[in-house]
Structure formats: structure tokens, C-alpha cells
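Topology and contacts: notes
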Amino acid sequence: MKVAALFSGGKDSNYALFCAQHYGWDVAYLVSVFSTSPESYMYHVPAIELTRLAAESIGLPLVEVVTPPEPEAELIPLKYRLKELGVDCIVSGALASEYQRRRLDQICQDIGIKSFAPIWHKNQKDYIREMVEEGFEVMITGCYAEGLDEAWLGRILDEKALSTLDRLHDKYGISVAGEGGEYESFVRYGPHMSRRVHVEFEKEWKRDSGKIIVKKAWLE
Amino acid sequence: MLIRNATYYDGREIKKGDIRNGDSDEEFDASGKFVFPAFNNGHTHLAMTLMRGAGDGEKLQQWLDNTIFPMEQHLTPELVYRGSMLGLLEMIKTGTSSFIDMYYFAEETARAVKKAGLRATLATPITSFGTPYYKDANDALKIAERQLKSNDGGPVQFCVGPHSIYLCDEETLLKAKALADKYQVKLTTHVSETRKECVDCHEKTGMWPVEYLGSIGLLDRNTVLAHAAWLTKMEIKLLADSGATVIHCPTSNMKLASGGVMPLPELMAAGVKVGLGTDGASSNNSLDMREEMKTGSLLQKSHRWDATVANARTMVSMATLDSKDMAFISLDDVRMLPRHDLISNLVYSGGIVTDLIVNGRTIMKDRVILTFDEEIVKKEFLDAASELLG
């Protein structure tokens, strides 16, 4: 089964890709969507420029798709690009967002391919913990929820960070997997990568949210 | 044995007429019955019938640590014999005539299989550390070699069973392989059952599990790999090139939430020999290969959103891989009606197995087992299960 993996560089798309590779499927492309909207509901915006380095480390060709900011138009370039690629299916990191999954399913339906989401509705607490235990190095690249302060920017998720997220979940109800947009992430290394992506960054913090500004990045 | 008036499946199509099984002059009237190759269960731990239902619903590691390992501390040869006998009873009643097994006190399972009249390839699970049955890997290998020396070419044979790459170090794996080569027998092991196993192997060796096994010379035509639920396409090619057999264990993989699904269409397209197994009754929880065929088919179709994969004939070919025996179901069994497609009925709706012939010998006739007393086996088993639970 020839697969295009939608790839933002974040933890969910990385793990979905990892699953597809270990389903024995032929993952032929990573497809990254660069939205011109800073507030895109569909796509992962912060640190997306790092995906080129991540793709190189993973060893798969990266297909870049630029989408317009209008919510209803942003899927159109992706749909046409997927059709051109001639794949049997896409694999996405949809975890709990009905909005994201439903719209991806729809464009796949339109062009006659399948839409798989290997981590859909998995137990979020177990999933993120297993990912960390399995050697994925998940870096926080953006914080958008109460309880996540500037200190979280650039932090690599480890047991201590996960325990703190559990407590924040109990206190503020935030998703430990960041599915409600509480945080954005970038996987700088994992078992599916040959080299670690080294990231030098500065923090940009405004009132109660912020993101990292990548100054320099390279493969170690 | 001459089987007369049969409606039978020869692996390709349904035929009618007389067929032979074994050399005896005995005759068997198969009027009104559907005859198909008896099942070959490619991976199980027979005596784990004793643990059926214990710790159900726990996470894998907790289940092993809290339920299975403590119970296994108390196993005795007699308990394994009784657990094996009940497993054989279930196999006969559900049409299985042969299996590959990995469990402790394998001589006791051999004794049970000989009494029941089935075929089996049995292995002692070899690990790098001591267990209640042996003090270390070398001791386990000695036990395995003692068993191999007793092989006589009969229906019950021993093979070599290093447990897995996560419970065996490289030296143990290599010694196990040397033993299998020396005695020209199969080597069976668990592989790529969980993501943790895969990533741990990758971290330690830089290779994925099947790739690693290939790199140390453990893949060849005599290798039988159970589970293979998480495979990369590179590993599929390695399997195809090596001639190794893989055994799909869909129910166990789903019940233990391994998350991976064997890439069956890719393996078959690459020419890999694929069988079907139930795994132990502790994680299935049955040894019924009819259920396993249906479950395996449904899993593949659902996982891939593709109704064309893992069709009934594919599942029967996997479940009866290398079968030399015959099982029977009444053509009037309500679940075999109508008879548009008997193979589809066999896989998806089922039917009660009425008879089993193994190597020209009738093991079950009209649901009555001829080789042992079913009621005594059940009673002795229940006593054993109670003893094990303490």
C-alpha cells in the first residue's frame, strides 16, 4: 500500500508515520502543509520549517504544499497534490480532533483514496508516555494554555514533564497530548530517524502564550 | 484410510468422491459431511489452558508480572500434562490435528499429544536467565538437546525455541540456532509483537527485530516466527529472501492490544509463507482455529479498509498450512447452509467439527473422542487448575 504521510514534524504526525512504516506499508512521501494563516485550524504552524531537516533524517522525500489562509480553501491544494502523487492512502496524526479528521477524510473520499489515522482515539496519557519511553524526543515549540508558561518552550518531554502535564490536566483540564491546541511540538529525534535535529532558538512570549523562534537548525 | 462419498476441499476447489488419508485399509463413510484439511495451529503454548481467563483485561506487562509469571512459578510436569490434555481436547473438537508449541516441561506435552494421537512440533522456551525449570541458558539448551535426541521421525517432534530477542541475548540465540542446525529441526521464536520490543531492539542494535535476526543468521527455511505484528517493508523483503515462515496471531495481538497488524497482503505478495496461530489460551482465550480464521480476516479487512484482502480461501490456506489430515463438518449443520460457498461458511459462519482423522487414524467420530476419556481429562484438568491457583 503506497502511502503519503501528512507530516508537520510534531509528535502526532511522527507517531502516525512510525506506525505506518511498521504496518509494513510503503510510505513513499512525507507531505507538509505550510499554511499562510497563522491561526490555521487544520495545520501545524510553529516550527514547520524544521520539517525539511526531519524529512532528511527520516530518509523520505518531502512534498511541500502551500495553502491559502481561508479555512474553506486551505484544503484544495493539498487535495490536488495528493491526487498527483498517485498514492493509495494518507496517514495522518489525527488524535481526537473531529474537525481535522473529518475534513481529511472528505478530501480523500473526493479523490478516491483512503485516510488512515493510526492514533485516532488512543488513550492520550498512555500514548504520549509510550512515545517518550520509546525514544521519541518531543520538544515543546509553542504554548497556548493556562499552566504552560515560558519555561515550557524548548523543553523536551520526559517523565518529569509528563507528570507535570498530568497535574496540569487535573488542575486546568488541559490535554496531556496537547490535542486541544494547548501546546505544539516538534520531534527532534526518534527511532525512525537517522540523525537528531539540533535546534537553536529564541523564545517569543506574549502575555500568556508563546512559541520558539528558530534561529538555526541542523542535523547532528 | 479410504474416505468414501466425500464432499471435500482440496485446497483449490470443492470436489466430490473418494479420497485417501494414510495407508490403512480402514474405510470412513463421509456421506453428508464436508471434508477439509485439518487445521495446523502455527503458534501456541498448549498447557496455558490452565491460565485461561486469569488476569483478563490487564495491560500486557502487568498481566505477565501479576498473573502469568507467578502462576508459572508453580507449574509441575503433571500440571503441564493435564493442561496439555485439555488443550488437545479443544483442538480435536475444533478440527486441529497439528501444532507448533513452546512451553515448559515439553516432554509432558509430548506425552499428552501421543496419547491424543495428534501431531506436534514442540519446543522448550529458552531464555538467557534462569527459570523454575532450568538455572540458566546453557541448562535450557541442554534440556532442548536432550529432547532433540529423542526425535524419532514420528508425529511428535521437538524443535528449538529461543523465546524472543528480548529474553535471549545474542549468544543464546546463536547457540539455539546452532542446535537447530545440528539436528536439522525448526527454530521457532516470538518476534515484533510489540512496539516496545521493536524500539528496544533498534536502540540496542540499530536494527529492527527481523533485520537483527537476519544479521545474526537466524533466518532461513527452518525458521518460524510468531506474531510479526510490527514489520517494516525492508523486513518483509528479508523474510521473503530467507524462506522463513511467519505465523499470524490476530486474536492475541488484538486482545493484548499490541497495536500492530501483520502486513498480510504485503507478505503474501512477496512470497512469504504465512501460517495462522492462536497463541496460548491465556491470551486468546481459545485454541479454536475456525475463530482465528474469521478474526484474522476481519482484522485485515478492517485495518486496511479493504474487503478484498484476507478472503476465506486465504485464511483456510493459512490455517491448514502443510496439513496432512482431515476434519469433517456436517453439511446439514445450520451454519453451513445454504451451500453457496462452503469455504466462506467454514470461515465466517463456522459449524461444529464432527470427526477428525490424523495420519489415517480416526481420532474423533461423530463428536466422540476415541483416544482418551473426555470426562476424565476435564475432571483432572479442573483439579490441576485449582491446584495452580492455590
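It should be noted that the structure appears before, not after, this text.
Summary of the structure given here. Just so you know, these numbers come straight off a predicted model, no measurement behind them.

Each value, and the rule that gives it
- Residues numbered from 1 in each chain as written.
- Chains lettered and ligands numbered in written order.
- Predicted model: local features only at pLDDT ≥ 70, side-chain atom pairs only at ≥ 80, totals over all residues.
- Heavy atoms only, no water.
- Helix = DSSP H or I, 4+ residues; strand = E, 2+ residues; numbered from the N terminus.
- Rg over C-alpha atoms; globule rule 2.2 N^0.38 Å.
- Buried < 20%, exposed > 50% of the residue type's maximum accessible area, 1.4 Å probe, protein only.
- Contact = heavy atoms within 4.5 Å.
- Areas by Shrake-Rupley, 256 points an atom, 1.4 Å probe, with all protein chains shown as cover.
- Lys, Arg positive; Asp, Glu negative; His and termini not counted.
- Charge placed at Lys NZ, Arg CZ, Asp CG, Glu CD.
- Core = buried A, V, L, I, M, F, W, Y, C linked by side-chain atoms within 4.5 Å.
- Salt bridge = Lys/Arg side-chain N within 4 Å of Asp/Glu carboxyl O.
- Phe/Tyr/Trp six-rings, centres within 6.5 Å; stacked < 30°, edge-to-face > 60°.
- Lys NZ or Arg CZ within 6 Å of the ring centre and 35° of its normal.
- Buried area = accessible area lost by both parts, 1.4 Å probe.
- Polar contact = N/O pair within 3.5 Å; in protein donor to acceptor, adjacent residues only side chain to side chain.
- Disulfide = S-S within 2.5 Å.
- Pairing = 2+ DSSP bridges.
- Axes fitted to C-alpha atoms, helices over the stretch in contact; angles between N-to-C directions.

Here we come to the overall build of chain B. On a plain count of helices and strands, chain B comes out with 14 helices and 18 strands. A globule of 390 residues ought to have a C-alpha radius of gyration of about 21 Å, and chain B, at 20 Å, matches this closely. Taking the principal axes of its C-alpha atoms as reference, chain B extends roughly 60 × 45 × 40 Å. Sorting the 390 residues of chain B into buried and exposed places 61% on the buried side. For chain B, restricting intrachain contacts to residue pairs at least 6 apart in sequence, the fraction spanning at least 24 positions comes to 71%. For chain B, the computed accessible surface area is about 15,200 Å², with 52% contributed by carbon and sulfur atoms. Of the charged side chains in chain B, 43 are positive and 52 negative; the average position of the first set lies 3 Å away from that of the second.

With 109 residues, the main nonpolar core has Leu88 and Leu118 of chain B as its most contacted residues. By residue number, the principal contributor to this core is helix H2 (residues 77-93) of chain B, which donates nine residues. Setting aside residues no more than four positions away along its own chain, Leu88 of chain B makes contact with Leu46, Phe99, Ala112, Val113, Ala116 and Leu118 of chain B. Grouped together as the second largest cluster of nonpolar side chains are 59 residues, Met139, Leu153, Phe186 and Leu219 of chain A included.

Attention now moves to the pattern of salt bridges. In total, this model carries 43 salt bridges over all chains according to the counting rule given. Among the ionic pairs, Asp105 of chain A bridges to Arg101 of chain A, the shortest N-O distance being 3.4 Å. With Asp105 of chain A and Arg101 of chain A both in helix H4 (residues 98-111) and four residues apart, this pair spans about one turn of that helix. Classification of Asp105 of chain A as partly exposed rests on a relative accessible area of 24%. Classification of Arg101 of chain A as buried rests on a relative accessible area of 15%. With a closest N to O distance of 2.8 Å, Lys182 of chain B and Glu145 of chain B form a salt bridge. With Lys182 of chain B in helix H5 (residues 170-183) and Glu145 of chain B in helix H4 (residues 137-149), this residue pair connects regions lying 37 residues apart in the sequence. Classification of Lys182 of chain B by relative accessible area gives exposed; the value is 57%. Within the structure, one salt-bridge network assembled from shared partners comprises Glu137, Arg188, Arg196 and Glu220 of chain A.

What follows deals with the packing of aromatic side chains. Applying the stated criterion across every chain yields a total of 15 aromatic pairs over all chains. Of the aromatic side chains, those joined through ring pairs into one cluster are Tyr15, Phe18, Tyr127 and Phe136 of chain A together with Trp208 of chain B. The ring centre of Phe28 of chain B lies 4.1 Å from the NZ or CZ of Lys365 of chain B, which sits over that ring.

Listed as interface residues are 20 residues of chain B and, on the opposing side, 19 residues of chain A. Both faces considered, chain B and chain A share a buried interface measuring about 1,800 Å² in area, 55% of it formed by carbon and sulfur atoms. On the chain B side of the interface with chain A, the three residues burying the most area are Arg195, Trp230 and Trp305 of chain B, jointly 32% of the side's total. There are five salt bridges connecting chain B and chain A. The shortest N-O distance in the salt bridge between Asp306 of chain B and Lys114 of chain A comes to 4.0 Å. Linking chain B with chain A are 11 residue pairs in polar contact (both at pLDDT 80 or more). Contributions of two or more residues to the side of chain B that touches chain A are made by helix H6 (195-205), helix H8 (233-242) and helix H11 (289-304) of chain B. Of all the elements, H6 of chain B adds the most residues to the side of chain B that touches chain A, at four residues.

A separate point is the state of the cysteines. Residues and elements named next belong to chain B. Going through the model one piece at a time under the given rule, you end up with zero disulfides over all chains. Cysteine Cys198 remains unbridged, with the sulfur of Cys201 as its closest cysteine sulfur at 7.7 Å. Free of any disulfide, Cys249 has its nearest neighbouring cysteine sulfur in Cys159, separated by 15 Å.

Turning next to helix H12 (residues 312-319) of chain B. With six of its eight residues buried, H12 of chain B lies for the most part within the structure. Those residues of H12 of chain B lying buried are Ala312, Thr314, Met315, Val316, Met318 and Ala319 of chain B.

A separate point is the sheet that holds strand S2 (residues 26-35) of chain A. Residues and elements named next belong to chain A. The strand order S3-S2-S1-S4-S5 describes an open sheet built from five strands, whose pairing is parallel. Of all the strands in the sheet, just strand S3 (62-67) and strand S5 (114-116) have a single pairing partner and so form its edges. The mean angle between the axes of side-by-side strands here comes to 30°, regardless of whether they run parallel or antiparallel. Alignment of strand S4 (residues 89-91) against S5, held across three bridges, turns out to be parallel. Within S5, the residue paired with Val91 across the bridge is Phe116. Across the sheet, helix H1 (residues 11-22) is in contact with strand S1 (2-6), S2 and S4; its angle to S2 comes to roughly 165°. Contacts from helix H2 (residues 51-58) reach S2 and S3, with the element oriented near 175° to S2.

Residue and element names in this part refer to chain A. Here Glu182 lies in the loop between helix H6 (159-172) and strand S7 (183-189). Taking C-alpha positions, Glu182 is 4.9 Å from Tyr144, a pair spaced 38 residues apart along the chain. Not counting chain neighbours up to four residues away, the residues in contact with Glu182 comprise Gly142, Cys143, Tyr144, Ala145, Leu148, Ile174 and Ser175. Only 2.8 Å separates the side chain of Glu182 from the backbone nitrogen of Ser175, close enough to count as a polar contact.

Residue and element names in this part refer to chain B. For the bond from Asn284 to Asn285, the omega torsion is 15°, close enough to zero to count as cis. Mapped onto the fold, Asn285 is located in the loop between strand S14 (273-276) and H11. Residue Leu337 is joined to Pro338 through a cis peptide bond whose omega torsion reads -10°. Mapped onto the elements of the fold, Pro338 is located in the loop between strand S15 (326-330) and helix H13 (342-349). Of note, the phi angle at Asp366 is positive, near 50°, even though the residue is not glycine.

As a further point, take the side chain of Asp12 of chain A. Residues and elements named next belong to chain A. Of note, Asp12 is situated in helix H1. We classify Asp12 as buried; its relative accessible area is 14%. Ignoring any residue separated from it by four or fewer positions in sequence, one finds Asp12 in contact with Gly93, Leu95, Ile119, Tyr127 and Glu179.

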